[in-house]
Amino acid sequence: MLSGLANPERFMRYSGPLAIAFGALAAVLTPWALWDAFFVAPPEADQGQFARILFIHAPSAWLAMFGYVGLGAASFTFLVWRHLLADAAARAVAPLGAAFAFLTLATGSIWGRPTWGAWWVWDARLASMLVLFLFYLGYMALRASLDDERQSARAGAILALVGLVNLPIVKFSVEWWATLHQPASVMRLGRPTMDAAFLQPLLLSFAGLTALFIALAIVRTRAAVYRRRAEALQRAREAVA
Amino acid sequence: MMGSVMGATGFGPPIYYVGAAYGLAAIVIGAAIVLSLLELSAWARRARALERADAADDAAGS
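A. Representation of the overall build of chain B. Of regular secondary structure, chain B possesses two helices and zero strands. Every one of the 62 residues in chain B was classed for burial, and the buried ones make up 29%. A total of about 3800 Å² of accessible surface is found on chain B, and carbon and sulfur atoms cover 69% of it.

So, in structure tokens, the structure goes:
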């Protein structure tokens with residue numbers, strides 16, 4: 001299916017309805033998650049109302065990593081098979097991943113101040129998430145700094161693949177080192193350690209924001225395809241004139 | 001519960017923190033949605049306008 005969609009014409013035919021479907025799913029699940037987060041989940045025994053921040057923080061962290069997996073996969077596909085659509089997808093996903101990495105750091109910091117007593121600590125999980133955010137920024141800066149599209153795509157793809165090394169560090173930092181950040185309570189082997197009253201809004205938030213992320217990634221990839229088409233037509237017109 | 005304890009120790013009421021986190025999320029996610037849709041609309045219009053101009057040139061040439 002994915003190799004079929006690598007054809008830009010076919011991608012443009014199917015991606016519009018797909019983006020609408022994911023957008024509609026997000027429009028249903030995200031308000032539902034917010035309702036549950038604020039009106040169904042009780043105040044947490046230790047953290048009180050502050051625990052509600054985690055319903056946006058944890059899904060943001062998941063999407064920052066999910067986005068980078070997408071960026072890495074698209075970059076690999078571009079480097080190996082030279083699919084221009086894969087490069088367009090990589091470029092489309094990077095700002096979205098950066099936005100969610102930023103939200104992870106910011107909401108984590110807002111949560112950390114009242115619960116840990118500090119806006120920031122040099123904990124392995126926090127530091128590796130900051131590195132992930134910097135990889136996103138570095139990728140976007142590199143892409144923007146090179147005028148030659150081919151060279152920019154190739155250099156960006158190599159940088160994105162190097163950054164993949166950081167993903168297991170982000171994920172397993174809480175197990176490999178003694179960190180202030182709590183260990184995984186949902187994405188772990190075995191059952192989640194969280195009570196159902198908190199798990200339901202969290203899973204709804206994960207699902208809703210993931211659907212939104214996919215919808216926006218498709219929208220941005222479509223924009224990139226239109227951009228390439230417009231630039232090619234413009235160049236052709238200039239060559240004739 | 002803990003919110004009132006923290007409020008008494010100078011951290012401020014939880015609503016400030018929860019409001020700041022969700023407000024920031026709304027701004028960032030809202031901006032991502034609006035900017036993505038604007039970008040798609042702008043490039044789609046540009047590409048279609050150039051295609052139409054191309055088609056008009058071809059028709060005039062033939």
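B. Local environment of the packing of aromatic side chains. Residue and element names in this part refer to chain A. One pass over the full model with this rule turns up 15 aromatic pairs over all chains. These aromatic residues form a ring-pair network of at least three members: Trp62, Phe66, Phe100 and Phe213. We note Arg82 situated over the ring of Phe78; from NZ or CZ to the ring centre the distance is 5.6 Å. Cation over ring: Lys171 sits above Phe172, and NZ or CZ is 5.9 Å from the ring centre.

C. Quick look at the interface of chain B and chain A. With 31 residues of chain B at the contact, the number on the chain A side is 42 residues. Between chain B and chain A, roughly 3200 Å² of surface is buried when both sides are summed, and carbon and sulfur atoms account for 78% of that area. Of all residues in chain B, Tyr17, Tyr22 and Trp43 of chain B give up the largest surface area on contact with chain A, accounting jointly for 20% of the area buried on that side. The interface formed by chain B and chain A includes four salt bridges. Here Asp57 of chain B ties to Arg237 of chain A by a salt bridge, and the two come within 3.1 Å at their closest N and O atoms. Joining chain B to chain A, the criterion identifies six residue pairs in polar contact (both at pLDDT 80 or more). Taken together, the elements giving at least two residues each to the side of chain B that touches chain A come down to helix H1 (2–8) and helix H2 (14–61) of chain B. At 26 residues, H2 of chain B tops the list of elements feeding residues into the side of chain B that touches chain A. For the side of chain B that touches chain A, the per-class residue count stands at 23 nonpolar, two polar and six charged.

D. Highlighting unusual backbone geometry. Residues other than glycine seldom take positive phi values, yet Arg82 of chain A does so here, at roughly 60°. Looking at the secondary structure, you find Arg82 of chain A in the loop between helix H3 (54–81) and helix H4 (84–116).

E. Representation of the packing of helix H5 (residues 124–145) of chain A against helix H6 (residues 149–163) of chain A within the structure. Residue and element names in this part refer to chain A. Taken N-terminus to C-terminus, the directions of H5 and H6 make an angle of 170°; their axes are 9 Å apart at the nearest point. Between H5 and H6, the crossing angle belongs to the class labelled roughly antiparallel. Two packed elements cross with a definite hand, and for H5 against H6 that hand is right-handed. Residues Phe135, Gly138, Tyr139, Leu142 and Arg143 of H5 pack against Glu149, Ser152, Ala153, Ala155, Gly156, Ala157, Leu159, Ala160, Val162 and Gly163 of H6.

F. Main features of the confidence of the model for chain B. Mean pLDDT for chain B: 85, with 81% of residues reaching 70 or above. Within the model, the stretch residues 1–8 of chain B combines pLDDT values under 50 with 13 contacts to residues more than four positions away or in other chains.

G. Representation of helix H7 (residues 166–176) of chain A. Residue and element names in this part refer to chain A. Residues Asn166, Leu167, Val170, Ser173 and Val174 constitute the buried set of H7. Mapping the buried residues of H7 onto a view down its axis gives an arc of 155°, with all of them on the same face. Considering only its buried residues, H7 is in contact with H3, H5 and H6.

H. The nonpolar core, seen in detail. In this structure, Tyr68, Leu71, Leu132 and Tyr136 of chain A together with Ile29 of chain B are the most contacted members of the largest nonpolar core, which totals 52 residues. Of all the secondary-structure elements, those providing two or more residues to this core are helix H2 (8–40), H3, H4, H5, H7 and helix H8 (196–240) of chain A together with H2 of chain B. Of the residues forming this core, the biggest block, 12 residues, is contributed by H4 of chain A. The residues contacting Ile29 of chain B, other than those within four sequence positions of it, are Ile56, Phe100, Leu103, Leu209 and Leu212 of chain A. One finds Leu85, Ile218 and Val219 of chain A together with Ala44 of chain B within the second-largest nonpolar core, a separate group that totals 15 residues.

Analysis parameters
Residues numbered from 1 in each chain as written. Chains lettered and ligands numbered in written order. Predicted model: local features only at pLDDT ≥ 70, side-chain atom pairs only at ≥ 80, totals over all residues. Heavy atoms only, no water. Helix = DSSP H or I, 4+ residues; strand = E, 2+ residues; numbered from the N terminus. Buried < 20%, exposed > 50% of the residue type's maximum accessible area, 1.4 Å probe, protein only. Areas by Shrake-Rupley, 256 points an atom, 1.4 Å probe, with all protein chains shown as cover. Phe/Tyr/Trp six-rings, centres within 6.5 Å; stacked < 30°, edge-to-face > 60°. Lys NZ or Arg CZ within 6 Å of the ring centre and 35° of its normal. Contact = heavy atoms within 4.5 Å. Buried area = accessible area lost by both parts, 1.4 Å probe. Salt bridge = Lys/Arg side-chain N within 4 Å of Asp/Glu carboxyl O. Polar contact = N/O pair within 3.5 Å; in protein donor to acceptor, adjacent residues only side chain to side chain. Nonpolar A, V, L, I, M, F, W, Y, C, P; charged D, E, K, R; others polar. Axes fitted to C-alpha atoms, helices over the stretch in contact; angles between N-to-C directions. Parallel < 35°, antiparallel > 145°, perpendicular 65-115°, else oblique. Left-handed = near helix turned anticlockwise from the far one by under 90°. pLDDT = per-residue confidence, 0-100. Arc of directions from axis to C-beta. Core = buried A, V, L, I, M, F, W, Y, C linked by side-chain atoms within 4.5 Å.

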